[in-house]
Structure formats: C-alpha cells, structure tokens
Amino acid sequence: MKQSLLTLARTIVLVSIGILCLFSAPALFAQRLIYHVDLTQTDKHFVPVEVQLADVRPDTLVFQMPIWAPGIYSTVHYGRFIRDFQALDSSGNELPVVHPTKDLWKVPNGGNVARIRYQAEDSHSDLSSPEIGLARIDEKGLFANTEALFGYFDNDESIPATMLFNVPKGWMVATTLDPATDGATTGDAEFHQTSFNVDDYATLASSPLIAAPHFSAVQFTRDGVDYAVVAGGENAFPVDSFASATNQIARAENSFFGKVPYRRYLFVVYTGAEQPFGIAHGTSSVYTLPNGDWSAHAPAIEHLVAATMFKTWNGGQFHISQLGPVDFTEPIEARSLWFSEGVSEYYAELLRVRYGLITAPDFFTAIDNWEGLANGDGSGDTGSLESLSLRMKTFNPICVECLRARGSLAAMLMDIEIRDKTHRKHSLDNVLLRMDRDVRTGKTYNDAKFDKTLSAYSSVDLSAFYDRYICKSDVLPLEAYLEKMGAGSDVPDGMKTGNEFGLALALNTAGTAIIDAPENDSLEAEEVLADNKAKEMDLKPGDTVVAIDGENVSPESVEDAKARLAAGRLVKLALVRNAKAVPVRVKSKHPRTASDLRLALVSRPSAEQLALRNAIIGKRRLKRSKHAKFYAQTKGAR
C-alpha cells in the first residue's frame, strides 16, 4: 500500500512538472513546421509545397527565401522561382499577403495563419548559378539544392520541421535528412522513406534531394562509416566505378585527418549537366557531370571528388566566420575564400599522390594545368587572390576557375615556404590539422587577420609572402619554389637558348642588378620615349638595372621579372645609360605556354631537394581513422 501511494505521488509530481513546462515555455517546445511536398506533378515542371505552422504565432508572419547559395558562389534570389503564394487561416480562408521584395512575403495577420502554400518552379537552366545550386523538376523526377524549394519564417532558422513527401508509387528518394519513421533505413529501404525530421533550416538547406522512378545506388563501408552513392540523370552512369574511386579517396583523406566527422555520408551524382561541378555539405557531396565515357572523364571526376570531399573539413568543419553559421540573406564577401578553394584543390592532388592513387608525373601535370588557368578570369584584369575572393558573390565560372587554380599554386608555394624556412619541421599540413583540432572549441577565423592565423599556426612569419602573392597580384615565382624540391620545367630543345628565361641578372650589394648575358634572339627591348612612343634598343652585358616594374630591385622582383618574361608578359626595367635612367620595355619573343612546357622532377636532385620532395609528395602509411560523431558547434557550417 505504501509503495502504491509512493508511486501515485511520483506520478502526480511528474504530471505537474509536465503541465508546468507545457504552459511556461510554449515557444520553446511547441513550435514546429510540417511540410507537405507533392512530387506527383513534376512533369509540369513545378512542385506544390504546403507548410503547416504549429504554434508559430507572430503579429506579422514573414516568409523568407534564401538570396544566395553557400559553396556555389551565386547570388540567385530564390524567391524568383516561387509562384502562387497563399496564406490560409484554420478555416481555409485566404489572408492578405504583401510581397515587398522578390525573396520576401509578409502576412500582416500572422497570428491567424494556419498554413501557407506555394509552387516552386523548375530553375535548373537559370544563368545565375550552375545547375547544382538550382532545382531540376521534370518528368524524370526532382534533383534539387533544397534552398531552391524551401524558405524559413520570421528570420528564425532554428524552428524544427517534419518533411512529408508525396511521391508516385515505387519512386526512390535520396537525402541526408533523418527518417521520421521506424523500421529499416538501410539497403533499398533507405531510398523508400518519405517522412523526415529536420532539426533546423541550416540542416534542411545542406541536405541534397533527389527523387525519381529509379536511380542507381551503391553502398560501402569505410572506417566504420556507411557511404552511399546514388546516380540519376539522363544516361546510365558507371556508379560502381565512381563508388570504387570515392572509397579510395575517402580512405586517403580520413587517414590524413585521423578521424571522420560524420556518421554516414551520401554522394549524389546527376548526369546530363553542361558543367562539371561539386559542392560539399556536412554529410554529403553533390556532383553535376556531363554525359560521357567514364574512362575518358575519370581523372577529372576523381580530382573533383577529392577536392569537394576535402571541403567537408576545409570550409565545412573549419572556416572563416563568414562561412558559418550561414546568413542566407547576405551573399558572402570575404578575402580568404581562396583558402577553402585553392588549398582543397592542392590537397586533392597532394593526398592522392601521397597515398598512391596517382603518380608524381600526374601531380606535376595538375600543376601545369593550374598554371595555365591561373590568369584567365575573363575580365582582362587578373587582380589579386584577395580581389578574386571578393568577386565570388556573383557567379562567374571563369573567375571561379581562376581563383581555384591560382589558389592551388599559392597553397603549394606556401607549403614549400613553410617547410623550407623550418627545415621541414612544419608545413601546411600542420596548419590544417591545427584548424581541425580547433573545431571542437567552435572556433572560426577572422577574415581580416587570416594571414596572422597562418603565421601563428605554421611557426613562420608569412606576412611578406601573404602581402606579395595573396594581397597583391605579383606573379607567383613557381619555378624558383619548385627548384627547392628538385622540379622544374622540361624545356623542349627548340626553345632552349642557353638561358631559358631570356634574361640573366646578377644582383649586387648596391641594390641594383647587372645584366650578365642577354639573349638578344629571345628578347625584344624598346626604349620608352617622352611621348610614350618607343624605339627599338639592345640590351648589353654590364647594363645596370635600378628598378623593375617601378619597384626597387630585390631577389623577389628579379624572380618575378623572369616569371613574367617566361609567361610572355611585359616587364618594365629602368636601365642606367650615360649616367641617367632609361625606361625600357622588355618582352620575350618565345614565351612559354602551358602547352609548350611540362613540369618534371630533376633526375639528380641534391640531398636537400630530395628531402623536401619526399616530405611533400613521399608515400604515406595509411592510418586507421577513428569514427567520430559530428564535431561540436559545427551545425550550419557549409
């Protein structure tokens, strides 16, 4: 009897606490959105969406569609693809709606809203973004960046939701959202779920979505993590070959970082797109690929996968503050985007050569390709890496390509600089691994002081390097840095002059340079006259150079001049003739191009060169990666 009374008392207390919580914090525990997404009309190129609002009762309800797409560098204004927006009360009566901007809807009597309805249109061919940032809605199904379909309410991205998809019988659905139903969620059953839970809008926005009558799927396990590859689109895709490649890439990158920051991972591939593109989310990566033979496109696809997956860490887990948590109403404007892009491109090749997935010649071919793409942003003005980063809020595929290529070269040179200055005790590896450890503290990095972070984490003062090659548009002295690791351009016999750069300058202690042995057959020189006209002139051994491109002579300016000449660019010298400075324009008659030259390893490197080469691209022993849950404080990072 006493036991029964005690149990009854405890029950009364628990119920009382529950009632107290229910009445004291309704906004905290009762708010929820329920999405009904109709995929039965995709052949009409739109998707009807209805959202029920549970205890969301503001005076004025505001519905916001994202303005831009993180990771894709596109200011899209997704509200342009929303039509027939309605707000309804509990009786089904339509309420007045104000539409002040293309991405915003306001309902003045927000407290009476029971649900909203709208239709999301097909947007995949819009020129504001690559297809990967939009939504393809057609008779074959749906392939979507979810930001193109769904918005959020009252500037509150924290409201949880339930997603309910109505799909034709037998259709398959792939996403990284958590299933809301009990039962098997592995194997084919995983792709027949239609109800999902969403923690917040950032989770929804970083969850790709593909739904179709059928798509190819392959699953594998690596380092205790379940991976799935799904492929849809116009033609059959060699999903097994893709899965095999991703398995090995995941193995290499997991080994480098030593742990895995996700429980499961989804690769989504959609073929038939005009542009190859990849984007990384916290637990997935998505790719749009042109149709074609796997054997012909495999090297490019494997590089794209490796670079995209690396951004799961670099830009996803650790990042500058502008990359997360994301403000979907303000396109990112940051000077350090070159780091997440360029460093990821560099390590995509570096880790693959270290772990035996490609050869050293393959690695140097990638460097050749970067060099060929590094100066073509489509504007005629290449600018600095910082200025390229700041241009990313408006999509320009050539500009993005230029940022990645030049960022890759800058990352490699920085890696060599750190290793050289510390006698191989430190490297860019240490910087990345330190940033990875910082993730657990929730730390992000200051965009304006990023150079100081790199210096502190590398144990090398990188301020001069950063100023010349990141903040300014100085030509990257690729040849000089590669020489440190016993590599350089393999010059064809037909281009050899005995002095491949066409200009030999010897520095002296007076802060000037003396021309040693000009190759008149390989250089064109003009004296600049007062009216800006020019007359041909000869460079002579013994000529003194007191300035290069308007700056004092230094070892760096000499290397820059050689690199400019080798690339076919104009160099301005100030020579001393008859005790006065003479301005001279110099240009190579036989400039090098990416198609002329191929980087290669020196056959007989010095011991120092060999040691640096082995430190950078030498083989690594695979470490057993530890499976870990999501890092702390990383929700919303893209």
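**Q** Help me out: how do you make sense of the overall build of the chain in this one?
**A** In terms of helices and strands, the chain carries 15 helices and 35 strands. Considering the chain as a whole, with its 638 residues, one finds that 53% of them fall into the buried category. Contacts spanning at least 24 positions in sequence make up 70% of the contacts within the chain whose residues lie at least 6 apart. For the chain, the exposed surface amounts to about 28,200 Å²; the carbon and sulfur share of it is 50%.

**Q** Looking at this model, I keep getting lost on the side chain of aspartate 126. Mind explaining?
**A** Note that aspartate 126 resides in the loop between strand S10 (115-121) and strand S11 (135-138). Here the side chain of aspartate 126 touches serine 128 through a polar contact of 2.5 Å, side chain to side chain. Setting aside anything within four residues of it in sequence, one finds aspartate 126 in contact with Arg80, Phe81 and Leu134.

**Q** Hey, could you run me through helix H6 (residues 337-354) in this one?
**A** At 3.6 residues per turn, the α-helix brings residues three or four places apart onto the same side. Compared with the 26 Å implied by 1.5 Å per residue over 18 residues, the 25 Å span of H6 between its first and last C-alpha is a close match. Counting buried residues in H6 gives 18 out of 18 residues, a clear majority hidden from the surface.

**Q** I'm lost on the sheet that holds strand S22 (residues 264-271) in this one. Help?
**A** Read across the sheet, 5 strands follow the order S19-S20-S22-S24-S23 without closing on themselves; strand pairing throughout is mixed. Edge positions in the open sheet fall to strand S19 (216-222) and strand S23 (277-280), since each of these has one partner strand only. Within this sheet the neighbouring strands show an average axis-to-axis angle of 15°, counted without direction. Bridge count for S19 against strand S20 (residues 225-233) is 7 bridges, and the pairing is antiparallel. By the bridge assignment for S20, valine 218 is matched with valine 229. The strands touched by helix H4 (residues 239-257) are S19, S20, S22 and strand S24 (284-289); relative to S19, the strand with the most contacts, the crossing angle is about 25°.

**Q** What should I look at first to understand the pairing of S20 in this one?
**A** Regular strands have side chains that alternate between both faces of the sheet. Most of S20 is tucked away, with 7 of its 9 residues classed as buried. Between S19 and the antiparallel strand that follows it, S20, lie 2 residues; aspartate 223 among them carries a positive phi value of about 55°. Of the pairings in the sheet, the one linking S20 to S22 comprises 8 bridges and is parallel in character. Bridged to tyrosine 227 within S22 is tyrosine 265.

**Q** I tried to follow the confidence of the model for the chain on my own but got confused; where do I start?
**A** Detail in the predicted coordinates should be disregarded across regions flagged by low pLDDT. For the chain, mean pLDDT is 85; residues scoring 70 or higher make up 84% of the total. Note that pLDDT drops below 50 for residues 1-30; the model gives that stretch 3 contacts with residues more than four away or on any other chain.

**Q** Would you mind going over helix H9 (residues 397-421) with me for this structure?
**A** The end-to-end C-alpha distance of H9 is 36 Å, a good match for the 36 Å that 25 residues give at a rise of 1.5 Å each. Burial analysis of H9 places 20 of its 25 residues in the buried class, the great majority of the element. Taken from the residues just after H9, histidine 423 is the one with a positive phi, measuring 55°.

**Q** What exactly am I supposed to notice about the environment of proline 361 here?
**A** By the secondary structure assignment, proline 361 is in helix H7 (residues 360-373). According to the relative accessible area criterion, proline 361 is exposed, its value standing at 57%. For the pair proline 361 and leucine 601, spaced 240 residues apart in sequence, the C-alpha to C-alpha distance is 8.1 Å.

**Q** So what exactly am I meant to see when it comes to the pattern of salt bridges here?
**A** Opposite charge on two side chains allows them to pair when their charged atoms are near. Counted under the stated rule, the structure contains 26 salt bridges. Arginine 117 is the salt-bridge partner of glutamate 50, the closest N and O atoms lying 2.9 Å from each other. Highlighted residues: glutamate 50 in strand S2 (residues 46-54) and arginine 117 in strand S10, separated in sequence by 67 residues. Residue aspartate 429 is joined to arginine 354 by a salt bridge in which the shortest nitrogen-to-oxygen separation is 3.0 Å. Taken as a pair, aspartate 429 in helix H10 (residues 428-438) and arginine 354 in helix H6 lie far apart in primary sequence, 75 residues in all. Here the two residues aspartate 429 and arginine 354 agree in accessibility, since each one is buried. In the salt-bridge network here, residues are joined through shared partners; they are Arg354, Asp415, Arg419 and Asp429.

What counts and how
Residues numbered from 1 in each chain as written. Predicted model: local features only at pLDDT ≥ 70, side-chain atom pairs only at ≥ 80, totals over all residues. Heavy atoms only, no water. Helix = DSSP H or I, 4+ residues; strand = E, 2+ residues; numbered from the N terminus. Buried < 20%, exposed > 50% of the residue type's maximum accessible area, 1.4 Å probe, protein only. Contact = heavy atoms within 4.5 Å. Areas by Shrake-Rupley, 256 points an atom, 1.4 Å probe, with all protein chains shown as cover. Polar contact = N/O pair within 3.5 Å; in protein donor to acceptor, adjacent residues only side chain to side chain. Expected span 1.5 Å × (residues − 1). Pairing = 2+ DSSP bridges. Axes fitted to C-alpha atoms, helices over the stretch in contact; angles between N-to-C directions. pLDDT = per-residue confidence, 0-100. Salt bridge = Lys/Arg side-chain N within 4 Å of Asp/Glu carboxyl O.

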